[in-house]
Amino acid sequence: MSETGCPKPLQIVTYFLEGGSPDGLMDGHVRACPACSAQIQELEADRKAFLVKHPFSSFMADLEKRRPARTGLGDVFKRVLGSGVLRAAVAMAGVATLMIVVIGRYDRTPEILSKGGVDLRFYVGGAAGRDPEPGSNGMKLPPESAVQFVYSTSADQTQLLLVGVEQNGALSVYYPSGGTGSATVEAGDQKKLPQALRWQPKTDYERFYAIFSKDTLTLDAVRKALDQLKTSGKSVEQTARLPLPYPQASTILYRKAP
């Protein structure tokens, strides 16, 4: 609880996503507290606003295209894409927030990096019969989790390279898929990336770096930045920003044990 006796911001977001608290301890407070009730209502309004911009039907089609033959989506995405986009809480004097987390309106996580008028967020598949939900920095996900990224960018930063670096240093390119450099994306607010993905980590964690630029950014430049990081003795787990002169942000996901 906070100093006011109300749940902390992250607890409110978790309460909303789970549809209540498992032990029921927060239920009475949230119903009786005008401030907490207002936050829940605001979260629900964001859910609905996101659905208008990003119909679930297109999200489902993306995942079906990338579904491994041995794996079925089942009922993971039965219901419409929910738990909508939340406004960023991390502000930097007139610069829009670049985030891969969606709970940023309430949670000022140090890992979130702001620069350059860009934004990147993601949703993950829920359990059977539940909505896909907003992802959060540092969350634990089981392998094969379905992930969909959405982004925002200005007209002068329309090159995007989205990579993932695992604990063992393995580098994966998530956008453009299979590419050796950045690709052009449409400028605008909360645009969905062309393809959803299934997260298949081989190690305990993976950090995603979203890098936007005006001109083409090569994968070799990212590799050199990672080599520089390694030389300095830092791991990607400790590093939210690569030593590159471009607007970027990162988030880290940990593999959840079966």
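Residues numbered from 1 in each chain as written. Predicted model: local features only at pLDDT ≥ 70, side-chain atom pairs only at ≥ 80, totals over all residues. Heavy atoms only, no water.

Caption draft 1: A look at the overall build of the protein chain. Scanning the protein chain from terminus to terminus reveals 5 helices and 11 strands. Scored against the burial criterion, the 258 residues of the protein chain give a buried share of 49%. Summarising the internal contacts of the protein chain: among those between residues at least 6 apart in sequence, 70% fall at separations of at least 24. Counting only carbon and sulfur atoms, one obtains 53% of the accessible surface of the protein chain, whose full area is about 12300 Å². (Helix = DSSP H or I, 4+ residues; strand = E, 2+ residues; numbered from the N terminus. Buried < 20%, exposed > 50% of the residue type's maximum accessible area, 1.4 Å probe, protein only. Contact = heavy atoms within 4.5 Å. Areas by Shrake-Rupley, 256 points an atom, 1.4 Å probe, with all protein chains shown as cover.)

Caption draft 2: Structural detail: the nonpolar core. Within the largest apolar cluster, 21 residues are counted, with the highest numbers of intra-cluster contacts made by Val147, Phe149 and Leu162. Secondary-structure elements contributing two or more residues to this core are β1 (119-124), β4 (145-153), β5 (159-166), β9 (197-199) and β10 (205-213). Judged by nonpolar contacts, the second largest core, of 16 residues, contains Val163, Ile211, Leu219 and Leu244. (Core = buried A, V, L, I, M, F, W, Y, C linked by side-chain atoms within 4.5 Å.)

Caption draft 3: Quick look at the side chain of Gln159. Among the secondary structure elements, Gln159 is positioned in strand β5. For Gln159, a relative accessible area of 8% corresponds to the buried category. A polar contact of 2.7 Å, which involves the side chain of Gln159, links it to the side chain of Thr184. (Polar contact = N/O pair within 3.5 Å; in protein donor to acceptor, adjacent residues only side chain to side chain.)

Caption draft 4: Main features of the environment of Ser177. Tracing the backbone shows Ser177 in the loop between β6 (171-175) and β7 (183-184). It is 9.6 Å that separates the C-alpha atoms of Ser177 and Leu161, two residues lying 16 residues apart in sequence.

Caption draft 5: Spatial organisation of helix α1 (residues 9-18). Within α1, burial applies to Ile12, Val13, Tyr15, Phe16 and Leu17. Phi for Gly19, located one or two positions after α1, is positive at around 70°.

Caption draft 6: Quick peek at the pattern of salt bridges. A full pass over the atoms with the stated rule returns 3 salt bridges. Arg255 is the salt-bridge partner of Asp204, the closest N and O atoms lying 3.5 Å from each other. Of this pair, Asp204 sits in the loop between β9 and β10 while Arg255 is found in strand β11 (residues 248-255), placing the two residues 51 residues apart along the sequence. Classification of Arg255 as partly exposed rests on a relative accessible area of 34%. Between Arg223 and Asp220 there is a salt bridge, with its nearest N and O atoms 3.2 Å apart. Residue Arg223 and its partner Asp220 are both found in helix α5 (residues 219-231); the two are separated by 3 residues, about one turn of the helix. (Salt bridge = Lys/Arg side-chain N within 4 Å of Asp/Glu carboxyl O.)

Caption draft 7: Quick look at the confidence of the model for the protein chain. Looking at the protein chain, pLDDT values average 75 and 69% of them are 70 or higher. Below a pLDDT of 50 lies the segment residues 70-116, which in the model reaches 167 contacts outside its immediate sequence neighbourhood of four places, other chains included. (pLDDT = per-residue confidence, 0-100.)

Caption draft 8: Examining the environment of Glu186 more closely. Secondary-structure assignment places Glu186 in the loop between β7 and β8 (188-192). We classify Glu186 as exposed; its relative accessible area is 52%. Residues Glu186 and Leu160, 26 residues apart in the sequence, show an inter-C-alpha distance of 9.9 Å. Those residues in contact with Glu186 that sit more than four places away from it in its chain are Tyr151, Thr153 and Lys191. At 3.4 Å, the side chain of Glu186 forms a polar contact with the side chain of Lys191.

Caption draft 9: Structural context of α5. For α5, built from 13 residues, the straight-helix expectation of 18 Å at 1.5 Å per residue is met to within 8% by its first-to-last C-alpha distance of 18 Å. Within α5 the residues assigned to the buried category are Leu219, Val222, Ala225, Leu226 and Leu229. In an axial view of α5, the angular spread of the buried residues amounts to 115°, which keeps them on one side of the axis. Those residues of α5 that are exposed and aimed more than 90 degrees away from the buried face are Lys224 and Thr231. As for α5, its buried residues are in contact with β5, β6 and β10. (Expected span 1.5 Å × (residues − 1). Arc of directions from axis to C-beta.)

Caption draft 10: Local environment of the side chain of Gln157. When you line up the elements, Gln157 lands in the loop between β4 and β5. Only 3.5 Å separates the side chain of Gln157 from the backbone nitrogen of Ser213, close enough to count as a polar contact.

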